[in-house]
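Structural overview
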Amino acid sequence: MGSWCRMLSGGVLRVFIAVSVLLGCVFAEDCELARQLRKNEMGLFKNVELSQNLKPSRTGCIAWNMGYWSYELCPGRWVRQYREVKEVIVEEYILGVQHRWRLVDEIGSQLLQYSDGFYTLPDRLRSTGTTIDAENQLYACAKESNNNNNKQVDVVYPDGSPCGKGFRRFSLLHFVCNENVHYPIVKLKEPAMCKYDITVVASTICEAMLGSFQAQIELNDAHMRFAI
């Protein structure tokens, strides 16, 4: 079994061991796809058409509703679960963060209205003790996704909101490259309490894995055609 594309420290290493569904990679080029996705993930949902069940929540992020709750995914930053009443956030749980959560840019500097005032997401995360940085991250090398030849990169988003005594929520995201899916598809499951499994399928993931969102040509790699 090949090496991992990873940067680990003590806390995330424990999460890595717990998330046993992550598999190793076989080929060096598969790790390169994961590295490219890491570089380009914040552009996955920029200027992308969305289906009716998804909506842009802010630049580069998407949101959707599942009954009582709404969810937001900002690749490379965070996944959160929240409930709004008249555009005021009255409940919120961070389901996990990645190393870019603290960026104070057009996303990180956006003020959100909570029942106790206006805050940015980085402010809220700091108040809960989030410390993850560029040294505390885990990206699995690309592999073939289940039942097809589409390339998939798995990423752990740890350090979410507290959940029980001494535990925090965390999410395992599966970014699946499928050049035929032009409207991103997002599926969220909670296989165990406070552990979330999120699959994202889109053609832009293919482009991110190859490090290009521009010229369109076809390449064959492990029986998968990528748009670059």
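Above this text is the structure in question.
Our subject in this report is the structure included herewith. Quick caveat: nothing in here was measured; it's all calculated off a predicted structure.

Looking now at the overall build of the protein chain. Helix and strand counts for the protein chain come out as four helices and 16 strands. Within the protein chain, contacts between residues separated by at least 24 positions form 56% of all contacts whose residues are at least 6 apart in sequence. When the accessible surface of the protein chain is summed, it comes to about 11,400 Å², and 51% of that surface belongs to carbon and sulfur atoms.

A few words now on the packing of aromatic side chains. Enumeration over the complete set of coordinates arrives at four aromatic pairs. Ring centres 5.0 Å apart and planes at 85° place the aromatic pair Tyr68 and Trp69 in the edge-to-face group. Overall, the relative accessible area of 48% leaves Tyr68 in the partly exposed class. Look at Trp69 and Tyr93: their rings are 5.8 Å apart centre to centre, the planes differ by 70°, and that puts the pair in the edge-to-face class. With Trp69 in strand S4 (residues 69-74) and Tyr93 in strand S6 (residues 88-97), this residue pair connects regions lying 24 residues apart in the sequence.

Next up on the list: unusual backbone geometry. Unlike most non-glycine residues, Asp159 shows phi in positive territory, near 60°. Topologically, Asp159 is positioned in the loop between strand S11 (151-157) and strand S12 (170-177). Phi is positive for Cys194, close to 70°, though the residue is something other than glycine. Mapped onto the elements, Cys194 comes out in the loop between strand S13 (185-192) and strand S14 (195-202). You can call Cys194 buried: its relative accessible area is 7%.

A separate point is the state of the cysteines. Counted according to the given criterion, the structure contains four disulfides. The disulfide that involves Cys163 links it to Cys194, with 1.7 Å between the sulfurs. Across the S-S bond linking Cys163 and Cys194, the dihedral sits near 60°, which makes this disulfide right-handed. Highlighted residues: Cys163 in the loop between S11 and S12 and Cys194 in the loop between S13 and S14, separated in sequence by 31 residues. For the pair shown, Cys163 and Cys194 are each scored as buried. Across the disulfide from Cys177 sits Cys206; the S-S distance is 2.0 Å. The S-S bond linking Cys177 to Cys206 shows a torsion near 100°; that makes this disulfide right-handed. Taken together, the residues span a long stretch of sequence, with Cys177 in strand S12 and Cys206 in helix H4 (residues 203-209) at a distance of 29 residues. Comparing Cys177 with Cys206, the two get one shared label, buried. Numbered by position along the chain, the disulfide-linked cysteines of the protein chain connect as 1-4, 2-3, 5-7, 6-8.

Cut-off values and rules
- Residues numbered from 1 in each chain as written.
- Predicted model: local features only at pLDDT ≥ 70, side-chain atom pairs only at ≥ 80, totals over all residues.
- Heavy atoms only, no water.
- Helix = DSSP H or I, 4+ residues; strand = E, 2+ residues; numbered from the N terminus.
- Contact = heavy atoms within 4.5 Å.
- Areas by Shrake-Rupley, 256 points an atom, 1.4 Å probe, with all protein chains shown as cover.
- Phe/Tyr/Trp six-rings, centres within 6.5 Å; stacked < 30°, edge-to-face > 60°.
- Buried < 20%, exposed > 50% of the residue type's maximum accessible area, 1.4 Å probe, protein only.
- Disulfide = S-S within 2.5 Å.

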